[in-house]
Amino acid sequence: MSEKIKVTLPDGSVREYAVGSSSMDVALSISEGLARNVLVAKVNGEIWDAGRVLPTMCTLQLFTWNDAEGKATFWHSSAHLMAEAIESLYPGTKFGIGPPIDNGFYYDVDFVDQRISSEDFDILENKMKELAAQNNAYERSEVSKADAIKYFTEKQDPYKLELIVGLNDGEITFYQQGNFVDLCRGPHIPDTGKIKAIKLLTVAGAYWRGNEKNKQLTRIYGITFPKQKELTEYLEFLEEAKKRDHRKLGKELELFMFSEKVGGGLPIWLPKGTMVRERLEKFMRTLQTERGYQQVITPHIGRIELYKTSGHYDKYGADSFQAIKTPNEGEEYFLKPMNCPHHCEIYKSKPRSYKDLPLRLAEFGTVYRYEQSGELNGLTRVRGFTQDDAHLFCTAEQIKEEFIKVIDLVIHVFKRLGFENYTAQISLRDPENKSKYIGSDENWAKAESAIIEATAERDMKTETVLGEAAFYGPKLDFMVKDAIGRSWQLGTIQVDYNLPERFELEYIGKDNLKHRPVMIHRAPFGSMERFIAILIEHCSGNFPLWLSPEQFIILPVSEKYHEYAQNVLSFLNNNDIRGLVDERSEKVGKKIRDAEVSKVPFMLIVGEKEAAEQSISVRKHGAGDLGTLSLEAFTDYFNKALAE
RNA sequence: GCCGAUGUAGCUCAGGGGUAGAGCGUUUCCUUGGUAAGGAAGAGGUCAUGGGUUCAAUUCCCAUCAUUGGCUCCA
């Protein structure tokens with residue numbers, strides 16, 4: 001009988017170790033540095049504690065902080081550490097769940113009759129640091145269901161007991177570090193000593209098991225790192241995000257506003273914001289016209305019957321803005337929550353032939369949805385917003401090609417706006433819960449395969465998620481990464497076999513018989529409001545030159561040069577360059593500062609010298625003095641910058 | 001919608017049971033200037049709204065509205 005176990009490493013090599021060896025022993029045999037950094041392992045495809053004894057034959061992969069698995073485990077263990085600190089400071093606290101998340105971890109706890117706020121974070125953080133420094137090992141133990149129930153009954157923790165009830169005997173494990181024992185599947189990092197930098201971030205309410213009928217627990221979010229430096233960097237990232245917040249910049253740059261009197265979630269576009277938005281709309285309109293879309297305009301309200309036909313009334317009517325009544329008995333109108341029903345009526349306005357298809361109807365359509373009050377957020381979640389909407393009516397055979405064309409359009413738009421980093425999410429139906437959706441199995445299958453094939457053909461990075469489809473069809477959502485690495489969901493393309501059915505849309509085919517068209521909904525920006533919010537944060541308020549509300553500002557050195565400044569202004573305006581003159585009686589230094597703060601791309605300084613030689617002194621935002629140029633030379637320079 | 005926080009001048013914020021303060025901005029005057037803040041004087045607030053407690057409420061209590069951190073939701 002061999003006294004050795006066989007371990008296959010990711011590079012395919014097989015090594016032998018003594019029986020009873022752990023992943024940590026394997027790491028140590030490779031290098032001491034690796035052993036120091038190893039946080040967790042994957043053994044035969046299952047994620048394991050690095051200290052756990054390996055089976056006689058296994059494949060092994062080791063994870064450190066540089067791996068997603070390593071980070072998740074690190075944060076999961078940090079959640080336990082926080083729980084230990086909470087238990088020691090607030091005895092009697094009941095614990096819910098404490099998982100890792102994308103950036104850190106949280107723990108849902110029930111403080112019973114105590115209250116905790118972010119003011120208590122210091123003391124809690126310090127306790128965590130103290131416990132971390134004890135270097136306690138995270139120890140795994142297998143526990144019978146009966147013992148597990150006994151333990152948490154004595155501890156009087158109803159949440160853990162509820163979790164245990166749902167587990168199978170023989171599959172229950174506890175983890176202990178220091179004096180804290182938790183029900184947990186694991187795995188965990190070797191010891192608390194690895195957690196060097198700790199920051200608690202926010203406290204919030206969260207329902208037990210995400211169900212609003214359950215008790216609301218206190219959720220504490222935190223983040224930890226193996227090095228202090230990484231925490232510092234992360235906190236700087238949070239600061240940067242705060243600086244870019246579109247709500248802050250929108251106010252400072254006078255792009256948009258909200259008014260309590262107008263109503264929550266109803267954005268009001270100020271002149272500068274309107275300039276940005278109109279330019280974006282024009283940009284999109286031009287692209288669409290080139291691609292065979294036809295622009296339409298439909299009313300903001302429609303008779304209730306329209307939405308009964310579309311199905312939106314049954315699905316959302318009760319939770320929407322309520323019907324608008326007229327002096328006529330029984331006559332009711334709805335604020336439109338979607339543009340598609342109107343577009344279906346345009347389709348129906350005359351008989352259609354297969355020769356008319358695809359019919360592409362586009363509209364910057366403003367829609368109104370009564371979002372829950374707690375959901376409203378800046379421009380990203382509002383109650384009235386404008387979609388860059390279009391509906392493509394086509395034959396089943398045309399779906400894939402149309403889909404590909406839309407993908408190409410969306411990618412073109414993203415690139416033009418500086419979003420180089422994007423992926424797509426394919427949202428399919430949840431096969432376990434078909435009752436949530438309308439439409440036949442056959443149609444769903446067709447639509448889903450069209451999306452999958454189209455994305456494959458364009459070689460897109462995609463992720464497929466079951467259960468995320470709209471109720472009427474599957475969809476493809478684009479996610480972009482912004483300049484500081486955050487992911488946002490933007491444009492969407494959705495196949496819809498349902499509305500053509502409900503509106504009884506038809507076309508006459510080559511065979512002279514009636515057929516049902518398919519509809520594709522698509523919105524590259526999604527909504528103008530949300531898109532501009534994301535764009536503001538992406539570029540930190542420094543819009544690309546072509547979108548900038550003011551492309552330049554002329555700064556006369558003194559009042560004597562106002563007349564020359566006006567001449568420069570009309571010259572540039574005549575060359576399609578937009579801007580204004582700062583005629584305040586301030587020193588140039590002050591005018592420059594104000595222009596820099598308001599992020600105007602070019603400052604054009606004019607004084608005695610410039611007036612005499614018909615030139616301008618050019619200063620670029622964030623870059624400084626570019627020297628003196630003739631008006632023509634600046635126009636050339638500007639137009640080159642515009643094309644970049 | 002639910003839990004927590006917040007709401008004071010145009011903006012950012014301090015204050016506090018006896019009807020309010022700073023900085024920036026704005027207005028006027030002086031200054032007419034050269035690449036990130038020249039000087040002086042003034043105006044500006046039913047302290048979110050509605051109730052209640054109190055001799056007295058902007059301050060304490062309740063409700064509403066709005067904003068915000070989360071949860072749930074998202075055509």
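For the structure, check the block above.
Details of the nonpolar core
Generally speaking, soluble globular proteins have nonpolar side chains that are buried together.
Reasoning step 1: Leu 280, Phe 403, Ile 407, Leu 417, Leu 476, Phe 478 and Phe 525 are the most contacted members of the largest nonpolar core, which totals 60 residues.
Reasoning step 2: Once residues within four sequence positions are removed from consideration, Phe 525 is found in contact with Leu 280, Phe 283, Met 284, Asp 388, Val 413, Leu 417, Leu 490, Gly 491 and Phe 531.
Reasoning step 3: Counting 36 residues, the second-largest nonpolar core is a separate cluster that includes Met 82, Leu 124, Phe 180 and Ile 223.

Observations regarding the environment of Gly 20
Reasoning step 1: Its location among the elements puts Gly 20 in the loop between strand E2 (14-18) and helix H1 (23-30).
Reasoning step 2: Look at Gly 20 and you get partly exposed, because its relative accessible area is 38%.
Reasoning step 3: Considered as a pair, Gly 20 and Val 581 are 561 residues apart in the sequence and their alpha carbons are 79 Å apart.
Reasoning step 4: The residues contacting Gly 20, other than those within four sequence positions of it, are Asp 25 and Val 53.

As for the protein's contact with RNA strand B
Reasoning step 1: Taken together, 53 residues sit near RNA strand B, with Gln 216, Met 338, Glu 375, Glu 610 and Ser 617 positioned nearest.
Reasoning step 2: Restricting attention to atoms of RNA strand B within 4 Å of the protein, one finds that 48% of them are sugar or phosphate atoms.
Reasoning step 3: The separation between a base nitrogen of RNA strand B and a polar main-chain atom of Gly 374 is 3.4 Å.
Reasoning step 4: One of the backbone nitrogen or oxygen atoms of Gly 378 is found 3.4 Å away from a phosphate oxygen of RNA strand B.
Reasoning step 5: Mapped onto the surface near RNA strand B, the elements with two or more residues apiece are strand E12 (197-207), strand E13 (216-225), helix H8 (246-252), helix H11 (312-316), helix H18 (588-597), helix H19 (608-613) and strand E32 (615-620).
Reasoning step 6: Class assignment for the residues of the surface near RNA strand B results in 13 nonpolar, 18 polar and 22 charged.

A look at the side chain of Arg 352
Reasoning step 1: Mapped onto the fold, Arg 352 is located in the loop between helix H12 (340-348) and strand E20 (359-368).
Reasoning step 2: Among the polar contacts made by the side chain of Arg 352, one reaches the main-chain carbonyl oxygen of Ile 346 at a distance of 2.9 Å.
Reasoning step 3: In terms of polar contacts, Arg 352 uses its side chain to reach the backbone carbonyl oxygen of Tyr 347, at 2.9 Å.

A closer look at the packing of helix H17 (residues 562-574) against helix H20 (residues 631-643)
Reasoning step 1: Between H17 and H20, the shortest axis-to-axis distance is 11 Å and the interhelical angle comes to 40°. Between H17 and H20, the angle is such that the two are oblique. For H17 against H20, the interelement crossing comes out right-handed. Contacts between H17 and H20 pair Val 568, Phe 571 and Leu 572 from the former with Leu 631, Glu 632, Phe 634 and Thr 635 from the latter.
Reasoning step 2: When grouped by side-chain class, the residues that make up the contact of H17 with H20 number 5 nonpolar, 1 polar and 1 charged.

So, the sheet that holds E2
Reasoning step 1: The 5 strands are arranged E2-E1-E5-E3-E4 in an open sheet whose pairing can be described as mixed. Each edge of the sheet is formed by a strand with only one pairing partner; in this case those strands are E2 and strand E4 (46-49). Direction aside, neighbouring strands of the sheet carry axes that sit 40° apart on average.
Reasoning step 2: The pairing of strand E3 (residues 40-43) with strand E5 (residues 57-63) spans 4 bridges and is classified as antiparallel.

Digging into the pattern of salt bridges
Reasoning step 1: Per the stated rule, a full pass over the model turns up 42 salt bridges.
Reasoning step 2: In this structure, Arg 219 engages Asp 108 in a salt bridge whose closest nitrogen and oxygen atoms are separated by 2.6 Å. Here the residue Arg 219 occupies a position in strand E13, and Asp 108 occupies one in strand E8 (residues 104-110), the gap between them amounting to 111 residues.
Reasoning step 3: With its nearest N and O atoms 2.9 Å apart, the salt bridge here joins Glu 402 to Arg 360. Taken together, the residues Glu 402 in helix H13 (residues 399-416) and Arg 360 in strand E20 connect sequence positions 42 residues apart.

Structural notes on the sheet that holds strand E11 (residues 180-183)
Reasoning step 1: If you walk across this open sheet you meet the 3 strands as E9-E10-E11, and the pairing is antiparallel. Edge strands, defined here as strands with exactly one partner in the open sheet, are strand E9 (139-143) and E11. The average undirected angle you get between the axes of adjacent strands in this sheet is 25°.

Conventions and cut-offs
- Residues numbered from 1 in each chain as written.
- Chains lettered and ligands numbered in written order.
- Predicted model: local features only at pLDDT ≥ 70, side-chain atom pairs only at ≥ 80, totals over all residues.
- Heavy atoms only, no water.
- Core = buried A, V, L, I, M, F, W, Y, C linked by side-chain atoms within 4.5 Å.
- Buried < 20%, exposed > 50% of the residue type's maximum accessible area, 1.4 Å probe, protein only.
- Contact = heavy atoms within 4.5 Å.
- Helix = DSSP H or I, 4+ residues; strand = E, 2+ residues; numbered from the N terminus.
- Near = heavy atom within 4 Å.
- Polar contact = N/O pair within 3.5 Å; in protein donor to acceptor, adjacent residues only side chain to side chain.
- Nonpolar A, V, L, I, M, F, W, Y, C, P; charged D, E, K, R; others polar.
- Axes fitted to C-alpha atoms, helices over the stretch in contact; angles between N-to-C directions.
- Parallel < 35°, antiparallel > 145°, perpendicular 65-115°, else oblique.
- Left-handed = near helix turned anticlockwise from the far one by under 90°.
- Pairing = 2+ DSSP bridges.
- Salt bridge = Lys/Arg side-chain N within 4 Å of Asp/Glu carboxyl O.

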